[in-house]
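Analysis of the macromolecular model
Below, each chain spelled out in residue letters.
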Amino acid sequence: MDRRVDPLTVPITVAGPVPAALAGHIAERAPRIVVVGDALLDGWLSGPARRLGRDGPVPVVELAETRHTPGGAGNAAANLAALGASVELVAVLGDDADATTLRGLLQVAGVRTAHCVTEPGRRTVVKRRLVSAGQPVARYDDGPAAGPAAATCAAVAAAVARAVRTGVDAVLVADYGLGAVAADVLAVLEALRPQIPLLVVDARSPAGWTRLRPDVVTPNASEAAALLGGVEAVPLSGPARTDWVVRHRDALVAAAGGADVLVTLDVDGAVRLPADPTAPPQVTTARPGPEARACGAGDTFAAAYTAALAAGIAAQDAPALAQCAADVVVGREGTAVCSTGALTARLAASDRGGLLTHRDLLAIVADHRGRGERIVFTNGCFDVLHRGHVAYLRQARALGDVLIVALNSDESVSRLKGPERPVNPLEDRAGVVGAIDCVDVVTAFTQDTPAELIELVRPDVYTKGGDYTPQMLPETPIVERLGGEVRVLDYLSDHSTTAIVGRIRAGRA
């Protein structure tokens, strides 16, 4: 029975922020996850549009680039692999050139496809989007008119059984309603349910999965309404939509077979409704992005949430992590995936001032470098932050795409500045430096110089503030050997921590 409540009287918690190290924990744990569902191929055709067609009032796109990515269950699997999970995909593939392209893309992404079933003579489902200047102009779909043959569905069910019986940490169902997840597959999953520690269902029609008693169901707003029988319209956006989800908590959990229900709400984030009635709902906050870039974000959210739980991350931390992963792909063009490095960077940005380990730092660096971005590195004590520091850091950030600030540890500061320093401990210094908008990443080192860290990061630009010359810096030979450049930035006289501390002690601050 639907026990409707006033959402204003229900305690609701805001998910996150969570430690950036959790992204690396997924890769470290490398959970084995089987993805079952409808795989398809996403195509992106783009180019400039400078005129309208003479045969109709439509833009003429001068095709300049064509690229393809895995879509549907393939996109979910690719995201899991990018986060460090060990992934096996069970899906129906066509028997055409597009299927060859899709299988190749999946293999490059690190997704194993040995359990995928090829149906002779079947065309691959392809969704092609025509884009100009970042704006979708048209989409046209291609694929078979009917679902897979009965023999194909039986082969898929047998493949699911083989994949699950070898041992899994989780099964993620990505059911787009294209026929790959037929009755045969549901029957096999139901029979093997005791062997599946975590079952997450991301389905266009989640009601059909109730008898399997999934652990998590991830409908969007319209799918949640359908789960309730569509008896009431869902508000289009904003707080009213979140309130609608909370108000129908009991009914949604019951309709989902007693699962945790995670309702995704696009720009409004997501709402987690725990199956435990004593646990409060959680909401996430999305970082807004162009709607044209939201393609596949739901796949990423479900994949990241599944990976987090399968890696042993607490359920209350998983929504914020999944939301950050979705934010990453919404910030990129086309159907994108969120890597460990990208997720680490996004988690760090949502928890500004957090001190990154070198492992997490290098994951972020690899992500930025893979996108061709310029990495700037600087270091210092940054003990008592002042105007000179801020001006210097802004200049440093202007030299590239990402600024890494490495702080001397407390012991290192004491060796360099004397036993009465630092004034502020490392965690406090990191919190203040990380709160400056121009700073992207904060880490620390224990030595007197950052030489070892520079060797690991290999920055494109190493900056130092003050009245030095590059030749005076011991870091210069290392940076130049690694192919980077050294830049000495402006020095603001009488703006130093030592001078400030001296004035305080003299009673002149």
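Rules and cut-offs
- Residues numbered from 1 in each chain as written.
- Predicted model: local features only at pLDDT ≥ 70, side-chain atom pairs only at ≥ 80, totals over all residues.
- Heavy atoms only, no water.
- Helix = DSSP H or I, 4+ residues; strand = E, 2+ residues; numbered from the N terminus.
- Rg over C-alpha atoms; globule rule 2.2 N^0.38 Å.
- Buried < 20%, exposed > 50% of the residue type's maximum accessible area, 1.4 Å probe, protein only.
- Contact = heavy atoms within 4.5 Å.
- Areas by Shrake-Rupley, 256 points an atom, 1.4 Å probe, with all protein chains shown as cover.
- Lys, Arg positive; Asp, Glu negative; His and termini not counted.
- Charge placed at Lys NZ, Arg CZ, Asp CG, Glu CD.
- Pairing = 2+ DSSP bridges.
- Axes fitted to C-alpha atoms, helices over the stretch in contact; angles between N-to-C directions.
- Parallel < 35°, antiparallel > 145°, perpendicular 65-115°, else oblique.
- Nonpolar A, V, L, I, M, F, W, Y, C, P; charged D, E, K, R; others polar.
- Core = buried A, V, L, I, M, F, W, Y, C linked by side-chain atoms within 4.5 Å.
- Expected span 1.5 Å × (residues − 1).
- Salt bridge = Lys/Arg side-chain N within 4 Å of Asp/Glu carboxyl O.
- pLDDT = per-residue confidence, 0-100.

1. Structural notes on the overall build of the protein chain
When helices and strands are tallied, the protein chain shows 18 helices and 22 strands. Over its C-alpha trace the protein chain gives a radius of gyration of 26 Å, about what one expects of a compact globule, namely 23 Å for 509 residues. Reported as C-alpha extents along the three principal axes, the dimensions of the protein chain are approximately 85 × 60 × 50 Å. Buried positions account for 53% of the 509 residues belonging to the protein chain. Taking contacts inside the protein chain between residues at least 6 apart in sequence as the whole, the part at least 24 apart equals 71%. Accessible surface, the protein chain as shown: approximately 21700 Å² in total, 54% of it carbon and sulfur. Distance between charge centres in the protein chain, computed from 49 positive and 57 negative side chains, equals 2 Å.

2. Here we look at the sheet that holds strand S6 (residues 65-72)
With mixed pairing, the four strands of this open sheet are ordered in space as S6-S3-S10-S11. Edge strands, defined here as strands with exactly one partner in the open sheet, are S6 and strand S11 (135-142). Each neighbouring strand pair of the sheet contributes to a mean axis angle of 20 degrees, computed without reference to strand direction.

3. Side note on the pairing of strand S20 (residues 441-445)
Remember that side chains alternate between the two faces of the sheet whenever the strand is regular. Counting buried residues along S20, five of its five residues qualify, which places the element largely inside the surrounding structure. What you see with S20 is no split at all: Val 441, Thr 443 and Phe 445 on one side and Val 442 and Ala 444 on the other are buried throughout. Note: strand S19 (residues 402-408) against S20, five bridges, orientation parallel. Each bridged residue has a counterpart across the sheet, and for Ala 406 the counterpart in S20 is Thr 443.

4. Structural notes on unusual backbone geometry
Most of the time, phi is negative for any residue but glycine, and the peptide bond is trans. In the segment running from Arg 421 into Pro 422, the intervening peptide bond is cis, with an omega of 5 degrees. With respect to the helices, strands and loops of the structure, Pro 422 is situated in the loop between helix H14 (410-417) and helix H15 (426-434). Even without being a glycine, Asp 266 presents a positive backbone phi close to 55 degrees. Inspection of the secondary structure assignment puts Asp 266 in the loop between strand S15 (260-264) and strand S16 (270-273). Asp 266 gets classed as exposed once you look at its relative accessible area, which sits at 61%.

5. So, the packing of helix H1 (residues 21-29) against helix H11 (residues 340-350)
In the contact formed by H1 and H11, the axes pass within 7 Å of each other and the chain directions differ by 155 degrees. With respect to their mutual orientation, H1 and H11 come out roughly antiparallel. Contact with H1, carried on its side by Ala 23, Gly 24 and Ala 27, involves Thr 340, Leu 343, Thr 344 and Leu 347 of H11 and no other residues of that element. Tallied by class, the residues present in the contact of H1 with H11 amount to four nonpolar, three polar and no charged.

6. Observations concerning the sheet that holds strand S14 (residues 216-217)
With mixed pairing, the nine strands of this open sheet are ordered in space as S1-S17-S16-S15-S14-S13-S12-S2-S7. Two strands close off the open sheet at either side, each with one partner strand: strand S1 (13-14) and strand S7 (86-90). Bridge count between strand S2 (residues 32-37) and S7: five bridges; the pairing is parallel. Paired with Arg 32 across the two strands is Ser 86, which belongs to S7. Lying on the sheet, helix H2 (residues 73-82) is in contact with S2, S7 and strand S12 (170-175); it crosses S7 at an angle near 170 degrees.

7. A few points about helix H7 (residues 239-247)
A turn of α-helix holds 3.6 residues, and therefore any two residues three or four places apart point the same way. Burial in H7 covers these residues: Arg 241, Thr 242, Trp 244, Val 245 and Val 246. Where H7 is buried, its residues touch helix H6 (221-227), helix H8 (249-255), S15, S16 and strand S17 (282-283).

8. Points about the nonpolar core
Core analysis: the biggest nonpolar cluster contains 81 residues, and Leu 80, Leu 89, Leu 321 and Leu 343 have the highest contact counts within it. For this core, the element with the most residues is helix H10 (residues 318-330), which contributes ten residues. The contacts of Leu 343, once residues within four sequence positions are left out, are Ala 23, Leu 83, Leu 321, Cys 324, Ala 325 and Cys 338. One finds Val 90, Leu 186, Trp 209 and Leu 227 within the second-largest nonpolar core, a separate group that totals 50 residues.

9. A short note on helix H9 (residues 297-310)
End to end, H9 covers 20 Å across 14 residues, agreeing with the expected 20 Å (1.5 Å per residue, within 8%). Buried residues of H9: Ala 297, Asp 299, Thr 300, Phe 301, Ala 302, Ala 303, Ala 304, Tyr 305, Thr 306, Ala 307, Ala 308 and Ala 310, and no others. Taken from the residues just after H9, Gly 312 is the one with a positive phi, measuring 90 degrees.

10. Side note on the pattern of salt bridges
Tallied over the full model, the rule gives 25 salt bridges. The partner of Glu 28 in a salt bridge is Arg 359, with the nearest N and O atoms 3.1 Å apart. Linking Glu 28 in helix H1 with Arg 359 in helix H12 (residues 358-370), this pair joins segments that are 331 residues apart in sequence. Given a relative accessible area of 40%, Arg 359 falls into the partly exposed group. The shortest N-O distance in the salt bridge between Arg 371 and Asp 367 comes to 2.7 Å. On the basis of relative accessible area, Arg 371 is assigned to the partly exposed category, the value being 40%. Residues joined by salt bridges that share partners form a network here, namely Arg 332, Asp 367, Arg 371 and Glu 373.

11. Some details on the confidence of the model for the protein chain
This prediction gives the protein chain a mean pLDDT of 90; 93% of its residues lie at or above 70. Of the regions scoring below 50 in pLDDT, residues 1-5 engages in eleven contacts with residues more than four places distant in sequence or in other chains.

12. Side note on the environment of Val 58
In this structure, Val 58 sits in the loop between strand S4 (49-52) and strand S5 (59-61). For the pair Val 58 and Val 137, spaced 79 residues apart in sequence, the C-alpha to C-alpha distance is 8.9 Å. With residues near it in sequence (within four places) discarded, Val 58 still touches Arg 51, Leu 52 and Gly 53.

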